[in-house]
Amino acid sequence: MHDARHTAATMLLVLKVPLPAVMEIMGWSDASIAKRYMHVPSEFLAAIAAQVGDLVWVDPTEDDDGSVGSLVPA
């Protein structure tokens, strides 16, 4: 039963349920309990890293539509 609480809390995280709603569903009165039960899946971490990488390492020659353009303003 204990493992099921960890799974349920993690699935609510994956579903992006707001913390106040998670607390209500799980019966928690203190948000710090979430730290014990909600586990960030490695797939989430990889996706976040890719998103950050896309923002930081933007190709300056690529246009919004994905085609390669000129660095010289028109």
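Quick note: structure is the one above.
Remember, it's a predicted structure, so these values are computed and weren't measured experimentally.

A. The nonpolar core, seen in detail. Among the nonpolar cores identified, the biggest contains 10 residues, and these are Ala9, Leu12, Val22, Met23, Met26, Trp28, Ile33, Ala34, Tyr37 and Met38. If you list the elements that add at least two residues to this core, you get helix H1 (2-14), helix H2 (19-26) and helix H3 (32-37). Apart from the residues lying within four places of it in its own chain, the contact partners of Ala34 are Leu19 and Trp28.

B. Local environment of the side chain of His6. Here His6 shows up in helix H1. If sequence neighbours within four positions are ignored, His6 has contacts with Arg36, Tyr37 and His39.

C. Representation of the packing of aromatic side chains. Counted under the stated rule, the structure contains one aromatic pair. One residue, Arg5, lies across the ring of Tyr37, its end atom 5.3 Å from the ring centre.

D. A nonpolar patch on the surface, seen in detail. Among the surface-exposed residues, Val40, Leu45, Ile48, Val52, Leu55, Val56 and Trp57 lie close enough to one another that they form a single nonpolar patch of about 790 Å² accessible area. You can see Leu45 is positioned in helix H4 (residues 42-56).

E. Seen up close, the packing of H1 against H2. Taken N-terminus to C-terminus, the directions of H1 and H2 make an angle of 155°; their axes are 10 Å apart at the nearest point. Classed by the angle they form, the pair H1 and H2 counts as roughly antiparallel. When you trace H1 past H2, the crossing you get is right-handed. Between H1 and H2, the contacting residues are Arg5, Ala8, Ala9 and Leu12 on the first element and Val22, Ile25 and Met26 on the second. Looking at the contact of H1 with H2 residue by residue, the class counts come to six nonpolar, no polar and one charged.

F. View of H1. The terminal C-alpha atoms of H1 lie 19 Å apart, and with 13 residues this matches the ideal 18 Å at 1.5 Å per residue to within 8%. Among the residues making up H1, those that are buried are His6, Ala9, Thr10 and Leu12. In a view along the axis of H1, the buried residues occupy a sector of 155°, so they form one face of it. In this structure, the buried residues of H1 make contact with H2 and H3. Just past H1, the residue Lys16 takes up positive phi, approximately 60°.

Scoring rules and cut-offs
Residues numbered from 1 in each chain as written. Predicted model: local features only at pLDDT ≥ 70, side-chain atom pairs only at ≥ 80, totals over all residues. Heavy atoms only, no water. Core = buried A, V, L, I, M, F, W, Y, C linked by side-chain atoms within 4.5 Å. Buried < 20%, exposed > 50% of the residue type's maximum accessible area, 1.4 Å probe, protein only. Helix = DSSP H or I, 4+ residues; strand = E, 2+ residues; numbered from the N terminus. Contact = heavy atoms within 4.5 Å. Phe/Tyr/Trp six-rings, centres within 6.5 Å; stacked < 30°, edge-to-face > 60°. Lys NZ or Arg CZ within 6 Å of the ring centre and 35° of its normal. Patch = residues over 30% accessible without salt bridge, like charges linked within 9 Å, V, L, I, M, F, W, Y side chains within 5 Å. Areas by Shrake-Rupley, 256 points an atom, 1.4 Å probe, with all protein chains shown as cover. Salt bridge = Lys/Arg side-chain N within 4 Å of Asp/Glu carboxyl O. Axes fitted to C-alpha atoms, helices over the stretch in contact; angles between N-to-C directions. Parallel < 35°, antiparallel > 145°, perpendicular 65-115°, else oblique. Left-handed = near helix turned anticlockwise from the far one by under 90°. Nonpolar A, V, L, I, M, F, W, Y, C, P; charged D, E, K, R; others polar. Expected span 1.5 Å × (residues − 1). Arc of directions from axis to C-beta.

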